[in-house]
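Here are the chains, one letter per residue:
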Amino acid sequence: MLCLIGLNYKNSSIEEREKLAVPKSQVGSALRYFIERAGVRECVLLSTCNRFELYCSIEARSGGASVIKAVAEYFKTLSVRADERFYTLFDAAAARHLFSVASGLDSMIIGESQILSQVKHAYSSACEARTTGYMLNKLFHQAIKTGKMARSETAIGRRCASVSSAAVAAAKNELGDLSSFSALIIGAGETAELSMECLIKSGIKKAAVISRTMERAFALGEKYGSESFDFSSLYKIIRDYDIIISSTDSPHFIVEYDKYKAAAAKTRGRRQVIIDIAVPRDIDPEISSIKGVKLFNIDDIGAIITENVSARKKAAAAAAKLIDAEAGRFLDWYEGRSVKPFIEKFRSNVEKIVETELDKFVRKLPEDFKNKDKSLNALKQAIINRICGGPIARALNCPDKSKIHACIKNFECFFNLDSENGCGEKKPSRKE
């Protein structure tokens, strides 16, 4: 069965989510750990700044507890109390949740675009680690398709609304018109590029980018006509900018309190807005105590409400209907996935019976019976179709897929299609 265990921005703080952040380079080893220690058949890990979600294929509901235990063991800093904060969803609820996530309905900012690419990356990482199979391949293909449809067929993805745009909105709330200010972006990934794009659209006077990978910093700077710097010059330039937006995948603080304070001492209390949208956090939170500094983390900017978000809420209802429809299609497949093997087994069994009986009949026919092979073959197919047609049609079109498994089990028992698990016939003893 399908199982999801997770923690997200709705039921946890950034401090808790930091403990569950898995660097991209370690996702494969984490997945293999969960396969081995939790005893799951398949698993995909969706680890972002706002959520930790592990999708698994397990034998029974009781297996969910084993998954949570394996996660707690993997993250040694995870307390028992935090462990109890996980939400656990199964089958239909788990599928609908993923479809909502991929469509942007479960995001901090409704309809934000980055989550779909994160779902794609989570799935591709699991494929590379070879931890996906029959169930999760189907689930994630359907989820990605649904996410694309939600954005193309509804207004959920229109206008600029993302964590990056919220970061720029936070800067605007503090400073007002940004046309006379400068900004430095720390990092050169997708979120950093979205931040740069939103800053440019807001009319920022000057923008620059700094990254540990100079090639990526240079490419991003060149694309937007901005300066780019090597990471070694961070503390030399960090106080030259009015706005700092940081988004890297570093496992520890990249802007430390003591070094930043030393750099700040040379600027005579210049006002600065710092927005840390990384998880784990890039900026030491103690920096907020320095005079003139306003520090936001990702939970802080989650409280910012923009006009774009309210517009997207109206589109959420249409997207929800689409999600229900697509989730219904997945669940029909999921609940009825044993129908095809049953159909093949049932039809094969009937064919053998019909062929055996027709062979007996053919032996009694006169030798000069014309076109007997062609006629008998047509008769055979007609009989098979007549016998199989009704049961197969009812199995394929059953409105309550949850009952199919019980029906098939009984059918196999009565028709002796499964000699190992069927009822079989109890032969009477001589005493009876």
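Everything numeric in this text was worked out from a predicted model, so none of it was measured.

The rules behind the values
- All residue numbers here refer to positions counted from 1 along the written sequence of the relevant chain.
- Restriction of local features to residues with pLDDT of at least 70 applies here, the model being predicted, together with a cutoff of 80 or more for giving and counting side-chain atom pairs; totals for whole chains, interfaces and linings are based on all residues.
- Calculation of side-chain values draws on the structure's entire complement of heavy atoms; hydrogens and water are dropped beforehand.
- Only C-alpha atoms enter the line fits that serve as axes; for helices the fit covers just the stretch in contact. Angles between N-to-C directions range over 0 to 180 degrees.
- Helix numbers and strand numbers start at the N terminus; a helix is a DSSP run of H or I with at least 4 residues, a strand a run of E with at least 2.
- For classification purposes, angles smaller than 35 degrees are called roughly parallel, those larger than 145 roughly antiparallel, those between 65 and 115 roughly perpendicular, and all remaining angles oblique.
- Handedness of a crossing is defined here by the sense of rotation of the near helix relative to the far one, left-handed for an anticlockwise turn of less than a right angle and right-handed for a clockwise turn.
- For this analysis, residues touch if any pair of their heavy atoms sits within 4.5 Å.
- Gly counts as polar in this scheme, as do all residues outside two lists: the nonpolar Ala, Val, Leu, Ile, Met, Phe, Trp, Tyr, Cys and Pro, and the charged Asp, Glu, Lys and Arg.
- Whenever Lys or Arg places a side-chain nitrogen within 4 Å of a carboxyl oxygen from Asp or Glu, that contact is recorded as a salt bridge.
- The buried label goes to any residue with under 20% of its type's maximum accessible area, the exposed label to any with over 50%, and the partly exposed label to all in between, with areas taken from a 1.4 Å probe on protein chains only.
- Note: pLDDT gives the predictor's confidence per residue, expressed from 0 to 100.
- Working rule for helices: expected span equals 1.5 Å times residues minus one.
- If DSSP finds at least two bridges between two strands, the strands pair.

Peer 1: Would you mind going over the packing of helix α8 (residues 163–175) against helix α9 (residues 190–201) with me for this structure?
Peer 2: The relative placement of two packed helices is expressed as an angle between their axes plus a distance between the axes. Two elements in contact, α8 and α9, have axes whose closest approach is 8 Å; the angle formed by their N-to-C orientations is 45°. When the axis of α8 is compared with that of α9, the two are oblique. Classified by chirality, the crossing of α9 by α8 is right-handed. Across from S164, S165 and V168 in α8, the residues of α9 making contact are T191, L194, S195, C198 and L199. Looking at the contact of α8 with α9 residue by residue, the classes come out as 4 nonpolar, 4 polar and no charged.

Peer 1: In this structure, what is going on with the pattern of salt bridges? I would like to understand it.
Peer 2: One pass over the structure, following the stated rule, counts 13 salt bridges. Measuring nitrogen to oxygen at the nearest pair gives 3.0 Å for the salt bridge that ties R51 to E53. The burial state of R51 is the same as that of E53; both residues are buried. Residues joined in a network through salt bridges with shared partners are K10, R51, E53 and D106.

Peer 1: Looking at this model, I keep getting lost on the confidence of the model for the chain. Mind explaining?
Peer 2: Low-pLDDT portions of the prediction should not be read for the details of their coordinates. Of the residues in the chain, 81% reach a pLDDT of 70 or more, and the chain-wide mean stands at 83. Under a pLDDT of 50 for its full length, residues 427–432 has, in the predicted model, 0 contacts with residues more than four places off or in other chains.

Peer 1: How do you make sense of the packing of helix α2 (residues 27–38) against helix α6 (residues 114–129) when you look at a structure like this?
Peer 2: Relative to each other, α2 and α6 sit at 65°, their axes nearing to 9 Å. By the angle class used here, α2 and α6 are roughly perpendicular. As α2 packs across α6, the resulting crossing turns out to be right-handed. For the pair formed by α2 and α6, the contact residues are V27, G28, L31 and R32 on the first element and S125, A126 and A129 on the second. For the contact of α2 with α6, the class distribution of residues is 4 nonpolar, 2 polar and 1 charged.

Peer 1: Sorry, what's going on with α2 here?
Peer 2: Each α-helix winds once per 3.6 residues, and so residues spaced three or four apart point in a common direction. Its 12 residues give α2 an end-to-end C-alpha distance of 16 Å, which sits within 8% of 16 Å, the value for a rise of 1.5 Å per residue. Against the buried residues of α2 lie β2 (42–47), β3 (51–57), α3 (63–74) and α6. G39 lies just past α2 and shows a positive phi near 70°.

Peer 1: I would appreciate a short explanation of the pairing of strand β9 (residues 272–276) in the present structure.
Peer 2: Side chains on a regular strand alternate between the two faces of the sheet. Of all 5 residues that make up β9, 5 are buried, and the element is covered over most of its length. Neither face of β9 is left uncovered, since the one carrying Q272, I274 and D276 and the one carrying V273 and I275 both have all their residues buried. With 4 bridges joining them, strand β8 (residues 243–246) and β9 adopt parallel strand pairing. Its bridge partner lying in β9, I244 is registered against I274. With 4 bridges joining them, β9 and strand β10 (residues 293–296) adopt parallel strand pairing.

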